[in-house]
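Summary of structural features
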Amino acid sequence: MAEIKREEEKSLNFIEEIVEEDLRSGKHKSILTRFPPEPNGYLHIGHAKSICLNFGLASKYGGETNLRFDDTNPVTEETEYVESIKEDIKWLGFSWARELYASDYFEQLYQLAVQLIKMGLAYVDDSSSEEIAAQKGTPTEPGKRNQFADRSIEENLLLFQEMKEGRYKDGEKVLRAKVDMASPNMQMRDPLIYRIKHAHHHRTGDKWCIYPMYDFAHGQSDSIEHITHSICTLEFVSHRPLYEWFIEQLGIYPSKQYEFARLNLNYTVMSKRKLLQLVNEGYVTGWDDPRMPSISGLRRRGYTPESIRFFTEKIGVQKRDNLIDLSLLEFCIREHLNRIADRKMVVFDPLKIVLTNHNGEVEMLQSENNPEDPEGGFREIPFSSELYIEQEDFMEHPPKKFFRLAPGQKVRLKSAYIIQCDEVVKDQQGKVTELRCSYLPESRSGGDQSGMKVQGTLHWVSVAHAVTAEVRLYDRLFRVEDPSNEDGNFKEYINPDSLQVIKQVYAEPGLREAVGGKPYQFMRKGYFCLDRDSSGDNMIFNRTVTLKDAWAKVQNKG
RNA sequence: UGCCCGAUAGUAUAAUGGUAGUACGUCAGAUUCUGGAUCUGAAUGUCGAGGUUCGAGCCCUUGUCGGGCAACCA
């Protein structure tokens with residue numbers, strides 16, 4: 001009932017409205033979308049928005065989505081990227097109807113170009129790129145056509161054929177569409193549609209030495225596949241008239257292009273070029289560095305596909321530029337992990353506690369794996385007379401509202417007993433090295449007979465049973481919200497503290513059984529996942545996200 | 001100062017001529033064997049000026065601001 005109501009109240013985004021109208025009017029019986037990555041880099045969370053949109057739309061309206069690699073530039077594209085892109089899409093939870101490549105259409109595209117030449121709508125230009133740029137004019141001055149535009153159809157046909165045969169060097173000639181050099185839309189000023197590149201293509205090898213440009217590949221590929229709704233980002237708005245011009249002139253299937261605003265997230269960058277720089281220049285360890293906004297980085301960081309899909313739902317789809325708060329992404333992952341992550345107790349910065357009234361016998365205590373999941377079960381944790389708690393959970397001179405341990409003060413040890421701090425042991429420098437405490441045997445969790453009420457509950461581990469691990473604490477990659485929009489180079493704004501490594505933390509023994517791909521909540525610390533750098537008994541955990549910390553806020557206010 | 005796109009709380013996103021709502025964040029409180037989670041409450045918004053209309057966030061005019069377009073990239 002609640003589910004249904006929510007369904008009704010959920011409003012449509014502008015693309016869904018278009019699709020519903022197209023379906024209602026009978027313009028389309030079903031829809032076909034496509035996700036068209038260029039295999040020249042890894043996917044990032046901005047792509048996830050597009051993926052969720054394209055695949056989500058198709059699945060919502062009973063259509064299909066093609067995965068089509070836009071591989072028209074052999075110089076930058078590699079098979080390695082194809083594989084990572086496929087893996088990321090699958091991981092996000094989507095399956096494509098067909099795996100396709102723009103390069104599958106090179107022959108058809110060539111024929112379409114020939115057709116254009118025959119119609120007198122394309123010509124071979126011998127000018128250099130500088131000359132072409134100069135002749136193009138500026139946004140306020142119209143461009144001028146050069147003498148090559150006057151070549152005969154026969155000559156153009158021959159020259160284009162010769163380009164294809166490899167008779168010319170890179171840059172010697174290009175094929176241009178003959179549109180309108182005076183158009184106020186720069187995209188229409190006789191755009192280049194084919195260029196010569198004697199380069200090895202990751203799929204077609206050395207078969208071709210001429211390659212179509214984006215504008216003469218993308219729309220045509222859409223059309224060949226009968227894509228109904230071709231959804232792209234805003235920077236292609238000005239290309240839409242050209243997209244439509246080609247379709248109209250060639251008389252091919254009329255796919256329609258729609259544009260939405262790309263995702264921007266604060267405290268990071270979202271361009272492949274910039275991300276590649278971070279990787280190449282060693283600011284991060286690779287595309288899957290957990291600080292990267294790449295899908296592979298987020299995955300390694302411990303984000304779940306569900307959380308990313310949930311996030312893309314929450315941010316919506318619109319045409320206005322945006323800068324989304326990282327806190328929303330963090331909310332989405334906490335929301336999911338809180339429900340599914342097993343709890344573990346892990347002490348990062350140990351302070352030893354000796355229970356003076358304890359006989360030293362080891363007792364196994366039970367603790368819920370996940371209080372949010374009634375079927376999550378319990379685990380056993382050893383308790384004995386020597387324990388570690390966090391340094392920061394003790395203060396010799398506590399401020400008001402410090403609900404933790406202090407001389408004479410009581411706290412609950414999670415799933416164990418209430419303890420009281422009786423004595424503080426210090427070294428010669430006056431540093432606290434140990435606490436001597438007493439515990440209330442009748443206060444055991446689950447059967448508390450003590451009648452005591454304490455404010456704070458701490459996580460702890462038994463010294464003798466603790467297992468060690470390394471933790472990597474990640475923070476935002478940049479110190480400023482919008483690094484690309486600051487003065488100077490974006491790299492000047494990298495957060496120097498985006499990674500803090502703690503080589504040795506102390507965990508309850510059960511953490512030994514941790515497996516990769518499973519989330520854990522280190523109680524009161526955050527959500528963590530086992531990193532692939534782990535080996536044998538050297539376990540390494542990545543912090544996915546912290547827990548919300550109300551105490552930190554109180555402290556910060558002084 | 002060419003053409004195009006856009007402008008609703010701090011950040012996003014609804015309201016499709018008829019009560020400006022939701023989420024995140026923020027603040028306050030309740031509750032809690034995680035200062036987590038949960039629950040309750042609060043503050044904060046239609047870029048400006050005209051116009052059409054009984055009525056405008058929405059339509060029109062105009063201004064302002066932001067973004068895109070002059071790659072043999074996509």
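Criteria and thresholds
Residues numbered from 1 in each chain as written. Chains lettered and ligands numbered in written order. Predicted model: local features only at pLDDT ≥ 70, side-chain atom pairs only at ≥ 80, totals over all residues. Heavy atoms only, no water. Near = heavy atom within 4 Å. Polar contact = N/O pair within 3.5 Å; in protein donor to acceptor, adjacent residues only side chain to side chain. Helix = DSSP H or I, 4+ residues; strand = E, 2+ residues; numbered from the N terminus. Nonpolar A, V, L, I, M, F, W, Y, C, P; charged D, E, K, R; others polar. Pairing = 2+ DSSP bridges. Salt bridge = Lys/Arg side-chain N within 4 Å of Asp/Glu carboxyl O. Buried < 20%, exposed > 50% of the residue type's maximum accessible area, 1.4 Å probe, protein only. Disulfide = S-S within 2.5 Å. Domains from an automatic or database assignment. Phe/Tyr/Trp six-rings, centres within 6.5 Å; stacked < 30°, edge-to-face > 60°. Lys NZ or Arg CZ within 6 Å of the ring centre and 35° of its normal.

Let's shift gears to the protein's contact with RNA strand B. In the neighbourhood of RNA strand B, 66 residues make up the surrounding shell, with E17, L323, R343, S445 and Q521 lying closest. In RNA strand B, atoms within 4 Å of the protein come 64% from sugar and phosphate. Residue R343 places a side-chain N or O atom 2.4 Å away from a base oxygen belonging to RNA strand B. Listed by contribution, the elements that provide at least two residues to the surface near RNA strand B are α6 (129-135), β6 (192-196), α12 (305-315), α13 (326-340) and α14 (550-556). Sorting elements by how many residues they give to the surface near RNA strand B places α13 first, with four residues. Residues that form the surface near RNA strand B fall into these classes: 22 nonpolar, 21 polar and 23 charged.

Once that is clear, we can look at the pairing of strand β3 (residues 98-101). Strand direction decides the pairing type here: strand β2 (residues 64-69) and β3, joined by four bridges, are parallel. Residue pairing for β3: N66 is matched across the bridge by R98.

Right, let's get into the pattern of salt bridges. Within this structure, the stated rule accounts for 43 salt bridges. The partner of R412 in a salt bridge is D448, and the shortest N-O contact between them spans 2.6 Å. Remark: D448 occurs in the loop between β18 (432-439) and β19 (457-458) and R412 occurs in strand β16 (residues 410-413); sequence separation between them is 36 residues. R412 sits in the buried class, given a relative accessible area of 12%. Beyond isolated ion pairs, a larger network of salt bridges with shared partners links D288, R300, E470, R472, K503, D531, R532 and D533.

What is meant by a disulfide is a covalent connection between two cysteines, made through their sulfur atoms. A full pass over the atoms with the stated rule returns zero disulfides. Free of any disulfide, C421 has its nearest cysteine sulfur in C437, 4.7 Å distant. Accessibility expressed as a relative area gives 1% for C421, which makes it buried.

Along its sequence, chain A is organised into domain 1 (106-214), domain 2 (265-345 + 464-558) and domain 3 (346-459). Here domain 1 and domain 3 have C-alpha centroids that lie 75 Å from each other.

Evaluation of the coordinates by the stated rule reveals 26 aromatic pairs. Pairing F106 with W208 gives two aromatic rings, centres 6.0 Å apart and planes at 75°, and the pair type is edge-to-face. In this pair, F106 sits in helix α5 (residues 106-118) while W208 sits in the loop between β6 and β7 (210-212), placing the two residues 102 residues apart along the sequence. You'll find F106 and W208 in the same group, each marked buried. Taking 6.2 Å as the distance between ring centres and 55° as the angle between the ring planes, the aromatic pair formed by F383 and Y439 counts as tilted. Taken as a pair, F383 in strand β14 (residues 378-383) and Y439 in strand β18 lie far apart in primary sequence, 56 residues in all. Taking relative accessible area as the criterion, F383 reaches 0% and is therefore assigned buried. Among the aromatic residues, those joined into a ring-pair cluster are F106, Y110, F160, Y194, W208, Y211, F216, W245 and F246. Over the face of the ring belonging to W91 we find R299, whose NZ or CZ atom lies 5.2 Å from the ring centre. Stacked on the ring of F348, the Lys or Arg K525 has its end atom at 4.7 Å from the ring centre.

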